[in-house]
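# Remarks on the overall topology
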Amino acid sequence: MTSSPIHFNKTRIAPTPSGFLHVGNILSFSITAALARKHGAKILLRIDDLDRARVNREYLTDIFDTLRFLEIPWDEGPQNAHDFQTGFSQIHRMHLYNETLEQLAADGFVFACTCSRKQLSEIGTCTCLAKQIPLSTPEASWRLRTDNAVSLQIKTYNGTTIQTQLPAEMENFVVRKKDGFPAYQLTSVIDDLLYGVDLIVRGEDLWASTLAQIQLANVLGKQAFNDIVFYHHPLLLEADGKKLSKSAGSTSIRYLRHEGKNAEDVFMLISNLFSLPEKAINWQQLAALILGESL
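Residues numbered from 1 in each chain as written. Predicted model: local features only at pLDDT ≥ 70, side-chain atom pairs only at ≥ 80, totals over all residues. Heavy atoms only, no water.

## A short note on the overall build of the protein
Heads up, the condition is: The helix count covers DSSP runs of H or I at least four residues long, the strand count covers runs of E at least two residues long, and both are numbered beginning at the N terminus. With the radius of gyration taken over C-alpha atoms, the globule rule is written as 2.2 Å times the number of residues to the power 0.38. In this scheme, a residue with accessible area under 20% of its type's maximum is buried, one over 50% is exposed, and one in between is partly exposed, where area comes from a 1.4 Å probe on protein chains only. Any pair of residues with heavy atoms lying within 4.5 Å of one another is described as a contacting pair. In these tables, accessible area is a Shrake-Rupley quantity obtained with a 1.4 Å probe, and a residue counts as shielded only by the protein chains included in the view. Here Asp and Glu are counted as negative and Lys and Arg as positive; His is not counted, and neither are the chain ends. Charge positions are represented by NZ for Lys, CZ for Arg, CG for Asp and CD for Glu.
Secondary structure assignment for the protein yields 10 helices and 9 strands. Here the C-alpha radius of gyration of the protein, 20 Å, is about what a compact globule of 295 residues would show, namely 19 Å. For the protein, the C-alpha atoms occupy an extent of roughly 55 × 40 × 40 Å along the three principal directions. Across the 295 residues of the protein, 47% fall into the buried class. For the protein, restricting intrachain contacts to residue pairs at least 6 apart in sequence, the fraction spanning at least 24 positions comes to 74%. Carbon and sulfur atoms make up 49% of the accessible area of the protein, which totals about 13,900 Å². For the protein, the separation between the mean place of its 29 positive charges and that of its 32 negative charges on side chains is 3 Å.

And the structure:
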């Protein structure tokens, strides 16, 4: 871990209102808040709400209820669901995303894909690049051409710079979905640059996404994205070793609250799930135990 008092400008907590927040989310938020406070960074609450089929007002409200229940702070962003929808929803930034998509199209960096999920599962990869399908084709997604991908550089929290290649799973990844909305990889890059984020904390399961976003930023000429520092933390897992999901109701904070649990109980549960040597009773203690340093 870093030993010098490095200053960061801003980090972010970036949940999606597509399910009730669970203990895995809280682990990530706790680390984010702790590193922000240690390094003098502001915490932005950035809610990703462009998965329109799954966005739910109840899930949105749950984000604010959960953060306040567990006393996890944020410095910028919406204060409640109404505030979010009127001023901070990604819908208000659609013009930025669409401008970026138009730039990619004009420069020849994207191609249309009409593969169904079934086809992709059967053949393993999209084969639409050679078909030259018009970008205007209804219900076609847009994929970024990665056939010219070069070595990627990632600045890490421990002070090292990792050089690696785009993983196979991110070959020609989607930047615009079939419904016409921009995809997560694109909106995340644009938002982080717009808000001046220079420290990103996320689970190690998003390592491939980090590489995809760096690749996209390089294609767009957004060199500032290469200055962002990343911390990828280990995950909380189910008893069967699978990643926690928002459909796992028993690990949602809402469920635990309805069962009469208080904030200390939640952090002690996370401590037990993570097999920590000590039991944390707040986000500060949890992060210190995970990071192995005094905060």
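Resuming the write-up.
## Some thoughts on the sheet that holds strand β6 (residues 161-164)
The cut-off we apply is this: A pair of strands counts as paired when DSSP detects no fewer than two bridges linking them. Where helices are involved, their axes are fitted lines through C-alpha atoms of the stretch in contact, as for all axes, and angles between N-to-C directions lie from 0 to 180°.
The 4 strands lie next to each other as β6-β5-β9-β8, forming an open sheet whose pairing is mixed. Of all the strands in the sheet, just β6 and β8 (199-203) have a single pairing partner and so form its edges. Here the strands of the sheet are splayed against their neighbours by 40 degrees on average, with no regard to which way each runs. As paired strands, strand β5 (residues 152-156) and β6 are joined by 4 bridges and run antiparallel to one another.

## Here's the deal with the environment of Ile-154
Relative to the elements of secondary structure, Ile-154 occurs in strand β5. With 75 residues separating them in the primary sequence, Ile-154 and Val-229 have C-alpha atoms 7.4 Å apart. Not counting residues within four places of it along the chain, the set of residues in contact with Ile-154 comprises Thr-160, Thr-161, Ile-162, Thr-164, Trp-207, Thr-210, Leu-211, Ile-214 and Phe-230.

## Things to note about the packing of aromatic side chains
The line we're drawing: Pairing of aromatic rings covers Phe, Tyr and the six-membered ring of Trp, with a centre-to-centre limit of 6.5 Å; geometry is then stacked below 30 degrees between planes, edge-to-face above 60, and tilted otherwise. Charge-over-ring contacts are defined here by two conditions on Lys NZ or Arg CZ: a distance within 6 Å of the ring centre and an angle within 35 degrees of the ring normal.
Under the definition given, this model contains 4 aromatic pairs. A centroid spacing of 4.9 Å and a plane angle of 90 degrees characterise the contact between Phe-20 and Tyr-59, whose relative ring orientation is edge-to-face. Taken together, the residues Phe-20 in the loop between β1 (10-13) and α1 (23-39) and Tyr-59 in helix α2 (residues 57-69) connect sequence positions 39 residues apart. Plain terms: the ring middles of Tyr-157 and Tyr-231 are 5.7 Å apart, the flat faces sit at 85 degrees to each other, and that makes the pair edge-to-face. Here Tyr-157 is found in the loop between β5 and β6, whereas its partner Tyr-231 is found in strand β9 (residues 229-233), with 74 residues between them in sequence. Of the two residues examined, Tyr-157 and Tyr-231, each falls in the buried class. Above the ring of Phe-69, the side-chain terminus of Arg-257 is found at 4.2 Å from the ring centroid.

## Looking at the side chain of Ser-252
Position of Ser-252 among the secondary structure elements: in the loop between β9 and α8 (253-258). Note on Ser-252: relative accessible area 4%, which makes it buried. Excluding residues that lie within four positions of it along the chain, Ser-252 makes contacts with Phe-20, Leu-21 and His-22.

Any link to function would need more than the numbers given here.
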